[in-house]
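# Architecture at a glance
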Amino acid sequence: MASSPCGNTNFDSGLEIKTRSVEQTLIPLVSQITTLINHKDKPNKSERTLAAIHRVGQAVSVAVGRFVAVGEAIASENQELKDEMGQACFEARRAGDAIAQLTDAGSPLPSQSEGCGTVFNERTGMVKAARLLLSSVTKVLVLADRIVIKQIITSRNKVLVTLDHLERVSTFQEFVQIFSQFGNEMVEFAHLTGDRQNDLKDEKKKARMAAARAVLEKCTMMLLTASKTCLRHPDCESARINKDAVFQRMRCALEQVIEIVTEARSCGENKILPASIYNGIKDFKSNVECLRENLYTLSPQSMGGQLEALVERTEDFTDSAYTSHEQRQAILGLCQLARQDTQQLVHAWVEAQSVHAKEATEGMEVAILKTCQSLNDLRRELHKVAVCRTTDLLKVHGEHLPLRALKAAGAEGNLEAVAEYSRTLTEQKEQLVETCRLLCHVSGTEPLEITCIHAEETFHVIGPQIISAAQTLALHPSSKIAKENLEVFCEAWESQLCDMALLLREINDVFEGRREKRSYLSLPRAGVSFSHSHPHEYSNHPMEQSSMAKLGLELRLLSSDVDTEVEKWEEQEHDIVRQSQSLASMAYNMYLFTRGEGLLKTTLDLFHQAEVLSEEGLQLCSSFRTFSTQLVDEEKSVVMTEMEKVVAFCQQLQMGGKTPVQGKTATFQKVDSSIQATRGILTVVLYLLPFCNKLNKKYKSERSSLGSPQDWRERQDASTPVKEEGALHIKNSNGFGVKCLEQHIAGLNILESK
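Residues numbered from 1 in each chain as written. Predicted model: local features only at pLDDT ≥ 70, side-chain atom pairs only at ≥ 80, totals over all residues. Heavy atoms only, no water.

The name that an unreviewed UniProt entry assigns to the protein chain is Alpha-catulin, with the source organism given as Notothenia coriiceps. Among the UniProt annotations of the protein chain, the heading Subcellular location (unreviewed entry) holds the following wording: "Cytoplasm". Taken from UniProt, the Sequence similarities (unreviewed entry) comment for the protein chain reads in full: "Belongs to the vinculin/alpha-catenin family." (UniProt positions renumbered as here; feature names shortened; annotations may be inferred.)

Here's what the structure looks like:
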């Protein structure tokens with residue numbers, strides 16, 4: 001038996017594996033079992049091989065024993081799963097013992113030449129024991145996974161109860177007390193759902209979870225200021241409308257999270273996503289290319305109907321008032337070309353069918369290629385239109401003029417001006433909503449489609465909330481809390497614009513074939529509480545979390561910009577390129593930390609990452625210094641001045657890392673300082689990268705045409721010692737020393753590597 005004995009991903013258990021942690025935990029066990037069974041197919045085995053099989057069998061048995069002990073401990077802490085878990089553990093232990101017996105012919109192990117007691121007396125017994133072991137272990141893991149779901153549901157229920165209390169409070173004192181409890185509960189919920197999001201195998205569910213968690217993250221701060229405004233001005237209708245919208249949105253997001261983790265029937269998974277042009281083109285091209293293999297699966301009439309349905313979707317582009325005449329004509333022209341090429345294909349197809357051809361004729365092959373090319377051209381044009389529209393819109397809205405005007409009008413108590421600027425904001429909102437729909441058409445993946453829909457819904461909801469907050473301020477212009485409330489909603493709008501810029505980059509990455517996926521695992525451990533190692537342990541206050549979220553978002557934008565700049569370098573192996581990429585990657589890890597995600601699980605992890613980042617930053621400074629030796633005085637002065645800024649930030653990180661802190665406030669300040677310094681480093685690097693790239697191209701061109709080889713050789717020799725010293729430091733700095741991703745499920749590891 002040369003393959004896995006399980007035969008399918010569910011290991012004959014009837015249990016679907018939905019998380020990476022369960023799947024990854026099973027991999028080593030499947031590998032060892034497969035090894036045992038495959039060796040049975042080899043009739044002649046040496047004593048060394050038999051001894052190795054014996055060791056593997058014993059290792060399986062011992063590891064299963066440890067695994068079962070963990071499963072039983074989890075069962076004792078969760079009575080509702082005790083019977084099921086107990087039975088699964090019993091079966092796993094029995095199967096492990098059977099495998100040990102089948103791979104052990106007695107002690108000491110006899111040789112085959114003695115003709116007695118060879119390993120694997122019963123091949124059928126081994127396969128049966130293997131199937132039982134895999135099935136029972138899978139069941140234990142899936143039952144353990146239910147505990148994670150239970151924890152999320154319990155946490156959600158606590159949040160909902162406190163949310164109801166918050167909605168009904170009538171005094172500031174009562175509100176402050178309950179909101180403090182609410183903040184703690186939201187921190188726990190954010191951590192649990194963050195782990196679950198990263199652990200999900202289904203990318204669509206992961207995207208939906210991310211969207212729901214983003215809503216909760218932003219709404220927590222809105223809820224604070226909207227509720228305070230309502231308490232301060234209880235008779236203000238606009239304040240009440242503002243507050244009610246926040247509570248409603250939070251409840252919807254909480255419900256969406258539970259639908260995802262429990263796979264409830266009302267889950268958005270069952271809602272059909274809007275038909276995107278990208279998917280329409282992909283499906284149509286697939287059907288066209290299938291004609292090469294089978295001329296009779298589809299009918300020519302259905303092909304024409306499918307194309308017309310696809311062309312109809314392009315009306316979202318051509319009917320838009322914001323699409324230029326040139327863009328509209330280009331799209332219509334490409335649609336017409338696709339129709340003509342498809343008609344030629346259908347004509348060749350019908351001819352081939354009339355002569356009972358078994359495969360595509362030469363004429364059909366040409367028509368297939370032309371049709372696919374015209375569809376590719378259409379997709380490229382639509383992508384260009386959507387991207388250009390989004391880019392232009394982000395530039396215009398980046399100035400936030402309507403928001404500033406609304407704040408000023410509200411502070412002056414000018415209701416007429418608020419009404420006027422509200423109309424301007426509403427128009428911008430409609431532009432953004434429409435642009436999100438266009439991006440959805442060209443997004444390229446279902447997770448990105450979901451993110452586009454989330455962005456569209458966010459703009460649609462926040463726009464009116466900003467207006468109601470501005471109306472409240474205009475009615476109470478001296479109210480500090482009303483002013484703060486408007487500020488919070490405006491920040492949420494600005495944050496969503498930043499998210500839209502990142503979404504645009506990801507869509508471009510997919511279009512250009514660049515897409516990095518990160519994986520993460522999570523499973524419960526017996527006796528371990530999730531909240532003990534939460535990455536937001538330094539802060540439970542929503543104001544602090546909001547500040548940290550903004551800083552984290554800036555890090556993500558900067559790291560993405562750095563990645564974009566280094567891609568423009570022709571010499572991708574250049575030290576500056578490699579080290580800049582390393583800095584961007586570490587900064588991205590720090591961004592994930594601010595969201596309760598990624599590899600950095602505690603503040604200690606973050607501080608260690610910051611120290612390693614500072615070391616890499618200093619190495620980058622060494623590379624910049626080496627690079628500057630070839631520059632003229634003025635150019636060298638610019639590089640050296642900016643480089644000194646990086647050195648100062650790196651030293652700040654190193655000094656901060658050595659400073660011990662105690663208490664949440666001090667820890668928050670240290671985290672804030674670390675991220676601020678990292679942001680400073682990336683900002684300077686982002687300035688230097690294009691500057692140095694331009695100079696690098698300039699001097700490279702001069703060297704190849706006018707420069708003296710001898711002069712250049714001398715400059716190289718002069719720079720070599722510095723470069724080698726930097727290389728030695730880089731070699732010794734292997735990036736953030738994160739422990740194995742599976743460490744937090746070490747108690748559930750099936751086998752140790754032998």
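## Regarding the overall build of the protein chain
Counting its regular elements, the protein chain contains 22 helices and zero strands. A total of 754 residues make up the protein chain; the buried ones form 49% of that total. About 35,200 Å² of surface is accessible on the protein chain, with carbon and sulfur atoms providing 51% of the total. (Helix = DSSP H or I, 4+ residues; strand = E, 2+ residues; numbered from the N terminus. Buried < 20%, exposed > 50% of the residue type's maximum accessible area, 1.4 Å probe, protein only. Areas by Shrake-Rupley, 256 points an atom, 1.4 Å probe, with all protein chains shown as cover.)

## Quick notes on the environment of V562
Mapped onto the fold, V562 is located in helix 17 (residues 542-566). Not counting residues within four places of it along the chain, the set of residues in contact with V562 comprises S580, A584, L682, L686 and L689. (Contact = heavy atoms within 4.5 Å.)

## Focus on the nonpolar core
If you look at the biggest cluster of nonpolar residues, it comprises 105 residues, and the most contacted ones within it are F182, L223, F317, I466 and W493. The dominant element in this core, judged by the number of residues it contributes, is helix 16 (residues 480-511), at 13 residues. Split by domain, this core shows at least three residues from each of two domains, domain 2 (169-265 + 399-512) and domain 3 (277-388). Those residues in contact with F317 that sit more than four places away from it in its chain are I277, T323, I331, L382, V385, A386, L438, H441 and V442. Core analysis: the next-biggest nonpolar cluster, separate from the first, contains 48 residues, L600, L682, V684 and C692 among them. (Core = buried A, V, L, I, M, F, W, Y, C linked by side-chain atoms within 4.5 Å. Domains from an automatic or database assignment.)

## Details of the pattern of salt bridges
If you walk through the whole model with that rule in mind, you get 30 salt bridges. Of the charged contacts, one joins D164 and R251 as a salt bridge, the two residues approaching to 2.8 Å between their closest N and O atoms. Highlighted residues: D164 in helix 4 (residues 123-168) and R251 in helix 7 (residues 237-262), separated in sequence by 87 residues. By relative accessible area, which is 23% here, R251 ends up partly exposed. (Salt bridge = Lys/Arg side-chain N within 4 Å of Asp/Glu carboxyl O.)

## With respect to the packing of helix 11 (residues 325-354) against helix 12 (residues 362-397)
At a minimum axis distance of 8 Å, the contact between helix 11 and helix 12 shows a crossing angle of 160°. One finds that helix 11 runs roughly antiparallel with respect to helix 12. The element helix 11 and its partner helix 12 pack so that their crossing is left-handed. Looking at the contact of helix 11 with helix 12 residue by residue, the class counts come to 18 nonpolar, six polar and four charged. (Axes fitted to C-alpha atoms, helices over the stretch in contact; angles between N-to-C directions. Parallel < 35°, antiparallel > 145°, perpendicular 65-115°, else oblique. Left-handed = near helix turned anticlockwise from the far one by under 90°. Nonpolar A, V, L, I, M, F, W, Y, C, P; charged D, E, K, R; others polar.)

## Some points on helix 8 (residues 277-290)
In this model, helix 8 (14 residues) spans 20 Å end to end at C-alpha, consistent with the 20 Å of a helix rising 1.5 Å per residue. For helix 8, the secondary structure elements touched by its buried residues are helix 9 (300-313), helix 10 (315-318), helix 11, helix 12 and helix 14 (415-442). (Expected span 1.5 Å × (residues − 1).)

## Description of the environment of R93
You can see R93 is positioned in helix 3 (residues 82-102). A relative accessible area of 34% means that R93 is categorised as partly exposed. Each C-alpha atom of the pair R93 and S61 lies 7.8 Å from the other, and the pair is 32 residues apart in sequence. Side chain to side chain, R93 and E72 meet in a polar contact 3.2 Å long. (Polar contact = N/O pair within 3.5 Å; in protein donor to acceptor, adjacent residues only side chain to side chain.)

## What about the confidence of the model for the protein chain?
Overall, the prediction assigns the protein chain a mean pLDDT of 78, with 79% of residues at 70 or greater. A low-confidence stretch, residues 1-14 stays under pLDDT 50, and its non-local contacts, those more than four residues away or across chains, total 38 contacts. Long-range and interchain partners of residues 705-754, a stretch whose pLDDT sits below 50, account for 64 contacts in this model, where long-range means more than four residues apart. (pLDDT = per-residue confidence, 0-100.)

## Topic: the environment of I675
On the secondary structure map, I675 appears in helix 21 (residues 664-705). Considering only alpha carbons, one finds I675 and T594, 81 residues apart in sequence, at a separation of 9.6 Å. Leave out the neighbours within four places in its chain, and I675 touches M548, L551, L555, M590 and T594.

## Some thoughts on empty space enclosed by the protein
With a probe scaled to a water molecule rolled over the atoms, the places where space remains empty come into view. Scanning all chains against the criterion turns up two cavities of 30 Å³ or more. As a volume, the second largest cavity reaches approximately 30 Å³. In terms of lining, the second largest cavity is formed by A214, V215, K218, R249, H454, T458, I462 and Q496. Every element with two or more residues in the lining of the second largest cavity is listed here: helix 6 (203-232) and helix 15 (446-475). (1 Å grid on protein atoms, 1.4 Å probe; cavity = no way out; pocket = protein on both sides within 12 Å on 5 of 7 lines; lining within 4 Å. Points joined across faces, edges and corners; volume = space filled by probe spheres on them.)

## A word on a negative patch on the surface
Side chains of E312, E315, D316 and D319 sit close together on the surface and give a patch of like negative charge. Summarising the element assignment, D319 is placed in the loop between helix 10 and helix 11. (Patch = residues over 30% accessible without salt bridge, like charges linked within 9 Å, V, L, I, M, F, W, Y side chains within 5 Å. Lys, Arg positive; Asp, Glu negative; His and termini not counted. Charge placed at Lys NZ, Arg CZ, Asp CG, Glu CD.)

## Considerations on the packing of aromatic side chains
All told, the structure shown has five aromatic pairs when counted by the stated rule. Ring plane angle 25° and centroid distance 5.5 Å describe the contact between F175 and F179, whose orientation is recorded as stacked. Of this pair, F175 and F179 both sit in helix 5 (residues 172-199), four residues apart, roughly one helical turn. Taking the relative accessible area as the measure of exposure, F175 reaches 2% and is therefore buried. You can call F179 buried: its relative accessible area is 6%. When the centroid spacing of 5.6 Å and the interplanar angle of 50° are considered together, the rings of Y588 and Y591 count as tilted. Here the residue Y588 and the residue Y591 both occupy positions in helix 18 (residues 575-594), the gap between them amounting to three residues, near one helical turn. Chaining the aromatic ring pairs together yields one cluster made of F175, F179 and F182. (Phe/Tyr/Trp six-rings, centres within 6.5 Å; stacked < 30°, edge-to-face > 60°.)

## Focus: unusual backbone geometry
Here the phi dihedral of H356 falls at roughly 55°; this positive angle occurs in a residue that is not glycine. Locating H356 in the fold gives a position in the loop between helix 11 and helix 12.

## Structural notes on the packing of helix 9 against helix 11
Helix 11 packs onto helix 9 with a crossing angle of 170° between their chain directions and a minimal axis gap of 10 Å. Comparing the axis directions of helix 9 and helix 11 gives the class roughly antiparallel. In this structure, helix 9 uses P300, M303, L307, E308 and V311 to contact helix 11, whose residues at the interface are C335, A338, R339, T342, V346, W349, V350 and Q353. Broken down by class, the residue content of the contact of helix 9 with helix 11 amounts to nine nonpolar, two polar and two charged.

## Observations regarding the state of the cysteines
Tallied over the full model, the rule gives zero disulfides. Counting only cysteine sulfurs, C230 is the nearest neighbor of C236, a cysteine outside any disulfide, at a range of 7.7 Å. Look at C236 and you get buried, because its relative accessible area is 6%. (Disulfide = S-S within 2.5 Å.)

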